[in-house]
Amino acid sequence: MKVYLRKIPSTQEENEYCDISGYVKRVNINSRCLTSGGNELQINDFTIELINKNGIFSEINNTGFFPDNNAYKIPVYLVDEKTMSIIEAGIIKSISENINKNTCVVKISSPLSLLNSNIECNYTALTPPGVVLNILGSLGVDPDFINTGSFEFAKSYYQNLNVSIDLNLTREDKKNGFNMINEILAMTGDSVYCANNIIYY
């Protein structure tokens, strides 16, 4: 298994900047579910224990893997080495260093965990998949974790049918993003699903 920071590299130069597989000691994956009515969405968070010799993964080491001194929300990908398909993906939540052991533990949260937040929006004349895509964006879900092709295909379908909806939510509505998405899907009969922490419509 390969472990990459920021992106899956396509060149040798990117590989040197992104591939941290040689530093990995162990990976632990934890599954949990978001629920809305009878709907459930499984999301996977994971932790990676890394060899941190010379503080290469320290956020205060500007010559390490985080030269901007900030690892928060940087994408991490677990990739099958043979097929180069994504096994899991997420964003860095925190890094805990053990200076005595020259190791660190990186906590990575599923991008889907952001759906468990309240949404404020004002959308006019958008297709149902367009509204869902905008909700994901407004909650801060990184586009790298969204299969935009599946959303664009669904948007074209509804545009051909001249189907659109308006949605206006304020802070006072206290509407959870996951619940709102499921209300839209209940109206259309569509579905949103997650494969390896990548969101599809």
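The structure we're discussing is the one just above.
Just so it is clear, the model here is predicted, and its values are computed rather than measured. (Residues numbered from 1 in each chain as written. Predicted model: local features only at pLDDT ≥ 70, side-chain atom pairs only at ≥ 80, totals over all residues. Heavy atoms only, no water.)

(A) Main features of the packing of helix H2 (residues 128-138) against helix H4 (residues 177-188). Taken N-terminus to C-terminus, the directions of H2 and H4 make an angle of 170 degrees; their axes are 10 Å apart at the nearest point. Taken together, the axes of H2 and H4 are roughly antiparallel relative to one another. From H2, Pro128, Val131, Val132, Ile135 and Leu136 reach across to H4, where they touch Gly177, Met180, Ile181, Ile184 and Thr188. Taken together, the residues of the contact of H2 with H4 sort by class into eight nonpolar, two polar and no charged. (Axes fitted to C-alpha atoms, helices over the stretch in contact; angles between N-to-C directions. Helix = DSSP H or I, 4+ residues; strand = E, 2+ residues; numbered from the N terminus. Parallel < 35°, antiparallel > 145°, perpendicular 65-115°, else oblique. Contact = heavy atoms within 4.5 Å. Nonpolar A, V, L, I, M, F, W, Y, C, P; charged D, E, K, R; others polar.)

(B) Quick peek at the nonpolar core. Residues Leu115, Ile135, Leu136, Phe151 and Leu167 are the most contacted members of the largest nonpolar core, which totals 37 residues. Not counting the four nearest positions on each side in its chain, Leu115 is found in contact with Leu34, Leu41, Leu136, Leu139, Val141, Asn176, Gly177, Phe178 and Ile181. Residues Leu5, Ala71, Leu78 and Cys104 belong to the second largest nonpolar core, which totals 18 residues. (Core = buried A, V, L, I, M, F, W, Y, C linked by side-chain atoms within 4.5 Å. Buried < 20%, exposed > 50% of the residue type's maximum accessible area, 1.4 Å probe, protein only.)

(C) How the structure looks around H4. Given a rise of 1.5 Å per residue, 12 residues ought to cover 16 Å, and the 17 Å separating the end C-alpha atoms of H4 matches this to within 8%. The set of residues buried in H4 consists of Gly177, Phe178, Met180, Ile181, Asn182, Ile184 and Leu185. Of the residues flanking the start of H4, the one acting as N-cap is Asn176, its side-chain oxygen 2.8 Å from the backbone nitrogen of Phe178. The first or second residue beyond H4 is Gly189, which carries a positive phi of 80 degrees. (Expected span 1.5 Å × (residues − 1). Polar contact = N/O pair within 3.5 Å; in protein donor to acceptor, adjacent residues only side chain to side chain.)

(D) Local environment of H2. Of all 11 residues that make up H2, eight are buried, and the element is covered over most of its length. Contact partners of the buried residues in H2: strand E7 (121-126), helix H3 (148-160), strand E8 (165-169), H4 and strand E10 (198-200). Gly140 sits one or two residues past H2 and shows a positive phi near 90 degrees.

(E) The pattern of salt bridges, seen in detail. Across all of its chains, the model carries five salt bridges by this definition. The salt bridge partner of Glu49 is Arg26, with a shortest N-O separation of 2.1 Å. With Glu49 in strand E3 (residues 39-51) and Arg26 in strand E2 (residues 24-36), the pair connects residues that are 23 residues apart, well separated along the chain. By relative accessible area, which is 16% here, Glu49 ends up buried. Under the relative-accessibility criterion, Arg26 is labelled partly exposed at 44%. Among the ionic pairs, Glu120 bridges to Arg171, the shortest N-O distance being 3.4 Å. Of this pair, Glu120 sits in the loop between strand E6 (103-109) and E7 while Arg171 sits in the loop between E8 and H4, and the two are 51 residues apart along the sequence. Take Glu120: its relative accessible area is 47%, and that puts it in the partly exposed class. Assessed through its relative accessible area of 61%, Arg171 is described here as exposed. (Salt bridge = Lys/Arg side-chain N within 4 Å of Asp/Glu carboxyl O.)

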